[in-house]
Amino acid sequence: MAAKTMDCDLVVIGAGGYGMVCAVKAADLLPGKKVIVLEKAKKPGGATIFGHGPNNIYDSTWQRNAGTEPQVPQDPSGVFFDFLVSKGEADAKKYFEVGEVIFMGSMTQKIGINMPRRIDKYKGLDDPSIGPGWWGSYIVDKMMECCKKMNVPVLTETRVKKFLKDSSGKVTGVLADTKDGELQVNFKACYVGAGGFGANYKKCQELWPKVYNNTPMHNLVPPSLTGDLIDVAQEAGTGIDLKNAGCNTQGPYHHPYSYTIHIMTKTDAMVLQVNPEGERIPTQGFSAPGREFANPLVYSIADQDILEKAAELAPKQISEPDDKERVKKWREDLAEEVAVDEKRRYGRHTTKADTIVDLALKLGMDPNVLLASVEKYNKECESGKSQGTMAGDQGRGIAETPNKSQMPVKKSPFYAIFLQPFRQCTHGGMIVNVNQEVLDAKGNVMPGLYAGGDCTTEYTVNTGSQTGGQGGPQGMQGGRGGQGGQGAGGRSGGGGRRGSPGIFGDYLAGQGGGMMGFGKAITAAIKIADYLNKA
Ligand SMILES: Cc1cc2nc3c(=O)[nH]c(=O)nc-3n(C[C@H](O)[C@H](O)[C@H](O)COP(=O)(O)OP(=O)(O)OC[C@H]3O[C@@H](n4cnc5c(N)ncnc54)[C@H](O)[C@@H]3O)c2cc1C
């Protein structure tokens, strides 16, 4: 017997972006009905609070007013944005504008929605590359405000551990652990927005052993994202498809250390890269999310002149005006990292030495190996033949001519800047259809049970005439992590690859989640409202 029991119309599991958007929209549509949100962590937000993107909003009222053609029916991303603006009121006007979207200097879209780099209270933080995310933190803060206004309780430190069923086998309640003992919540409908399982290294390793191969990776995943709810759901009989799940690991980057140095390592001046043994490796760009790393752990080797050049080039690679200012303090950042390294703090940062031999010794490399790599590289610089082009994750090998900014490593002091992969989140789990209804292990709808976001794999019926499931062809890439788009459900259809065969019936599967898919949480709320109004 649970210590406490609550009754409600709709319970939402997980106070991340999907859960909160669904809770608020459902409360809008269901005046007088009781909505409760249960959240395992101490604070709401999940991975969402860290997400920067999406920059791909289609067909919002703002864009239509600025001259885009209306779509019928309206794209879910536009529906979501209109909802967000309606909740943001005056501050939405302050933060968002229609224009050309520039995202991390690489992706542009005419008449997109420009987003704030972060909301005011987070401005001026030293490292803008780690959270809170620009959109994500805005969405979470806004939804929390709405919950407060609408009397939707968000019960934190409340971990759902079991679904309860009635005699017909219908899911009607949950049991959760709280600080004050066990809580039972009885409901008429439930929406699961419990996020991915990126914090569960073991589970990730089982699914993607080549990526999660015990190489040190920086972890950006909030600790509550262990995927326990996916197991809880499976125990209750929901269909689970992890075969079509995806993970987002990226790098190698100098991340999360000084953002300035991180940007400098990506410039054309920083060409010589070596592995932890000191052997030269092809210069890497950054790998596609979830791909195996050819050389996961990397040192960028530079001398003082190269760093000066990289600092000169860095502002050209940055689109944000205040980042251009930030780069000016690279000497300070470099000195700070070197000081941390000299104190032999945990982890690898930036190592400095007067000679290449000393640098190798400090890094635990055979000095002869590093010396040979530097000498060979310097000769390539002189001869005009080099491996030095920025390349994909496997490297492009030898280029005939070095880039114009490539310089030999000659002038003391010498630096080794550490780069490593990072992991961000996973997408996939409970099987849902395009209405966000949860399917059981045989593919039947489980009445009253809905889910969305990173904990889901979305199934669309494959009619045989479409390339990417019901939503049409392959979608656009989402934010930096690329989690948006390419889902089976169309361009705003959450993350993941183009639809691939599901585990039963005539279905294509696509990973749910990503910041592109919040329109799906609105779809779920509308379906839930219909369901409850008919109940
Ligand atoms: C560092 C970082 C950067 C990112 N950047 C981008 C980006 O730029 N663009 C982009 O598209 N995406 C990005 N993402 C991914 C994106 O944030 C997620 O895909 C999306 O926000 C997932 O939303 P969600 O609501 O499904 O899950 P979450 O926001 O993770 O919310 C799930 C919630 O459920 C709770 N929960 C879990 N289990 C239980 C349980 N048993 N009981 C109760 N509560 C539970 C969790 O604590 C969590 O609060 C990023 C993610 C990270 C971590």
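Residues numbered from 1 in each chain as written. Predicted model: local features only at pLDDT ≥ 70, side-chain atom pairs only at ≥ 80, totals over all residues.

## Thoughts on the environment of Ile 356
Tracing the sequence through the fold places Ile 356 in helix H12 (residues 356-363). C-alpha separation for the pair Ile 356 and Tyr 415, spaced 59 residues apart in sequence, amounts to 8.8 Å. Here Ile 356 is in contact with Leu 370, Leu 371, Val 374 and Phe 414, once residues within four sequence places are set aside. (Helix = DSSP H or I, 4+ residues; strand = E, 2+ residues; numbered from the N terminus. Contact = placed C-beta atoms within 7 Å.)

## Remarks on the sheet that holds strand E7 (residues 159-165)
Strands sit in the order E1-E9-E8-E7 across an open sheet of 4 strands; the sheet is mixed. Only two strands of the sheet have a single partner each, and these edge strands are strand E1 (4-7) and E7. The mean angle between the axes of side-by-side strands here comes to 25 degrees, regardless of whether they run parallel or antiparallel. In this structure, E7 lies alongside strand E8 (residues 171-178), joined through 6 bridges in antiparallel fashion. Residue pairing for E8: Arg 159 is matched across the bridge by Asp 177. (Pairing = 2+ DSSP bridges. Axes fitted to C-alpha atoms, helices over the stretch in contact; angles between N-to-C directions.)

## Some details on the site of the ligand
Around the ligand, the structure places 47 residues, and the nearest of them are Gly 14, Gly 16, Gly 46, Gly 195 and Gly 453. Elements with a minimum of two residues in the shell around the ligand: helix H1 (17-29), E7, helix H7 (228-235) and strand E17 (414-427). No other element matches the 3 residues that H1 contributes to the shell around the ligand. (Near = placed C-beta within 6 Å.)

## A short note on the confidence of the model for the protein chain
Looking at the protein chain as a whole, the pLDDT averages 85, with 82% of positions reaching at least 70. Low confidence marks residues 388-400, where pLDDT is under 50. Its contacts with residues over four positions away, or in another chain, come to 40 contacts. Under a pLDDT of 50 for its full length, residues 465-497 has, in the predicted model, 139 contacts with residues more than four places off or in other chains. (pLDDT = per-residue confidence, 0-100.)

## Overview of the pairing of E17
For E17, the buried fraction is high: 12 of the 14 residues fall into the buried class. The sheet contact formed by strand E11 (residues 218-219) and E17 spans 2 bridges and is parallel. Pairing of Asn 219 across the sheet is with Arg 423, part of E17. When strand E12 (residues 246-253) meets E17, the two strands line up antiparallel, connected through 6 bridges. Of the residues in E17, the one forming a bridge with Cys 247 is Thr 426. Sheet analysis places strand E16 (residues 350-353) next to E17, joined by 4 bridges and oriented antiparallel. Pairing of Thr 351 across the sheet is with Ala 416, part of E17. (Buried ≥ 20, exposed ≤ 12 C-beta atoms within 10 Å, placed from the backbone.)

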